[in-house]
Amino acid sequence: MIASESDPAGADRRVQPAAGILEVRDLHKDFGGVHALAGASFYVEQGTITGLIGPNGAGKSTLINLVSGFTPPGSGQVVYDGEDITGHSAHQIARLGLVRTFQLSSEFARLTVIENLLTAVPDQRGSTVLAALRGKRYWRRAEEESVARAREFLGRFGLTDVEDLYGAELSGGQKRLLEISRALMGRPRVLLLDEPFAGVNPTLAREVEDILRALRDEGMTIVLVEHEMGAIDRLCDTVVVMAAGTVLAEGSMAEIRENQEVVDAYLAG
Ligand SMILES: Nc1ncnc2c1ncn2[C@@H]1O[C@H](COP(=O)(O)OP(=O)(O)O)[C@@H](O)[C@H]1O
Ligand SMILES: [Mg+2]
């Protein structure tokens with residue numbers, strides 16, 4: 001949190017203009033002696049899909065966790081929509097519209113699919129909706145709208161038939177879709193996805209790719225970590241290659257393929 005001298009209360013948090021809707025500047029994060037991030041910088045244009053690739057241990061998950069406020073930063077800056085959000089809590093960051101998916105916790109395994117979506121939205125009386133669903137089956141207009149939105153996502157992700165199953169009863173792929181649907185319930189402007197296709201069968205993964213492209217075309221910004229290069233190639237407008245906690249290269253997939261250093265270090269073999 002940086003309060004400028006002219007604004008000691010820190011009410012004006014606008015910083016040097018960012019190049020895109022999201023920019024990370026020289027991020028460092030150590031875990032004990034491990035330099036998980038060692039000066040990572042890049043920016044993301046609004047309304048694009050950016051792929052984060054790189055070998056295991058490159059720092060991709062650490063970066064996603066830090067940007068979304070789940071991991072406290074070491075040094076460096078995260079600028080979102082012109083605001084320095086470095087060190088903000090995950091809750092504060094999500095409320096600004098920067099949302100990451102998170103694996104279903106055990107709590108969510110004990111809720112039904114639709115209940116999972118209705119409790120996903122902060123400050124929207126999810127618990128009231130839940131009580132209503134389980135009790136008198138009565139809800140007010142705002143709650144009706146939440147239910148309608150939830151059902152729309154269930155339709156979009158092919159989960160309508162499992163609406164009343166418990167989270168724990170879903171297949172691995174369905175759980176991943178539910179995680180994405182939960183994130184979307186909060187109307188994010190930027191969606192951060194860490195390996196969204198892990199455990200999802202190839203047919204379903206292709207359908208999710210279509211959904212992500214449609215969300216992008218509706219103006220959403222998506223940053224995803226993915227190992228499968230085919231998916232990266234089909235989906236991403238920009239690719240950021242990470243290695244050893246830094247950004248080795250960024251550009252279109254075609255540009256990345258022409259970067260001999262990257263091909264040697266990561267794409268070859
Ligand atoms: N919570 C943690 N505690 C200790 N070391 C960690 C932690 N999270 C990540 N690391 C280490 O930081 C490095 C980067 O990890 P990670 O961000 O998970 O990489 P990636 O997602 O690219 O595989 C690895 O060496 C990893 O072991
Ligand atoms: Mg990872």
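Colleague: Please clarify how the sheet that holds strand β2 (residues 34-44) should be interpreted in this entry.
Modeller: Sheet strands line up and pair through hydrogen bonds in the backbone, either parallel or antiparallel. The strand order across the open sheet built from four strands is β2-β1-β4-β5, with neighbouring strands paired in antiparallel fashion. Across the chains shown, the open sheet's two edge strands, defined by having one partner strand only, are β2 and β5 (83-84). Against the sheet, helix α1 (residues 60-67) contacts β1 (22-31), β2 and β4 (75-80), and its axis sits at roughly 115° relative to β1.

Colleague: Got a minute to help me understand the pattern of salt bridges in this structure?
Modeller: Between side chains of opposite charge, a pair can form when the charged atoms approach closely. The tally for this structure, following the rule as stated, stands at eleven salt bridges. Put simply, D217 and R216 hold a salt bridge, and the shortest N to O gap is 2.8 Å. Among the residues examined, D217 registers a relative accessible area of 59% and is labelled exposed. Judged by relative accessible area, which is 14%, R216 ranks as buried. Here R216 makes a salt bridge to D237, at a shortest N to O gap of 3.0 Å. With R216 in helix α8 (residues 202-217) and D237 in the loop between α9 (229-235) and β9 (238-243), this residue pair connects regions lying 21 residues apart in the sequence. Here D237 falls in the partly exposed class, since its relative accessible area comes to 35%. Taken together, the shared-partner salt bridges in this structure form one network comprising E209, E228 and R234.

Colleague: Can you walk me through the site of ligand 1 in this structure?
Modeller: Around ligand 1 lies a shell formed by F31, V34, A36, P55, N56, G57, A58, G59, K60, S61 and T62. Side-chain polar atom of K60 to an oxygen atom of ligand 1: 2.8 Å apart, as the coordinates give it. Protein contact buries 58% of the 560 Å² of open area that ligand 1 shows by itself. Sorting the residues of the shell around ligand 1 by element identifies β2 and α1 as the ones contributing at least two each. Ranked by residue count, the leading element in the shell around ligand 1 is α1, at three residues. Tallied by class, residues from the shell around ligand 1 come to five nonpolar, five polar and one charged.

Colleague: Any chance you could explain the pairing of strand β8 (residues 221-225) here in plain terms?
Modeller: Walk down a regular strand and you will see the side chains alternate between the two sheet faces. By the criterion of burial, β8 is predominantly enclosed, with five of the five residues buried. Alternating positions in β8 separate into two faces, T221, V223 and V225 on one and I222 and L224 on the other, with burial throughout. Where strand β3 (residues 49-53) lies against β8, four bridges are found, and the strand directions are parallel. By the bridge assignment for β8, T50 is matched with V223. In the sheet, strand β7 (residues 190-194) pairs with β8 via five bridges, with the strands oriented parallel. The residue of β8 that forms the bridge with V190 is T221. Crossover β7 to β8 through α8 is right-handed.

Rules and cut-offs
- Residues numbered from 1 in each chain as written.
- Chains lettered and ligands numbered in written order.
- Predicted model: local features only at pLDDT ≥ 70, side-chain atom pairs only at ≥ 80, totals over all residues.
- Heavy atoms only, no water.
- Pairing = 2+ DSSP bridges.
- Helix = DSSP H or I, 4+ residues; strand = E, 2+ residues; numbered from the N terminus.
- Contact = heavy atoms within 4.5 Å.
- Axes fitted to C-alpha atoms, helices over the stretch in contact; angles between N-to-C directions.
- Salt bridge = Lys/Arg side-chain N within 4 Å of Asp/Glu carboxyl O.
- Buried < 20%, exposed > 50% of the residue type's maximum accessible area, 1.4 Å probe, protein only.
- Near = heavy atom within 4 Å.
- Polar contact = N/O pair within 3.5 Å; in protein donor to acceptor, adjacent residues only side chain to side chain.
- Areas by Shrake-Rupley, 256 points an atom, 1.4 Å probe, with all protein chains shown as cover.
- Nonpolar A, V, L, I, M, F, W, Y, C, P; charged D, E, K, R; others polar.
- Right-handed = clockwise from strand over helix to strand, strands pointing away.

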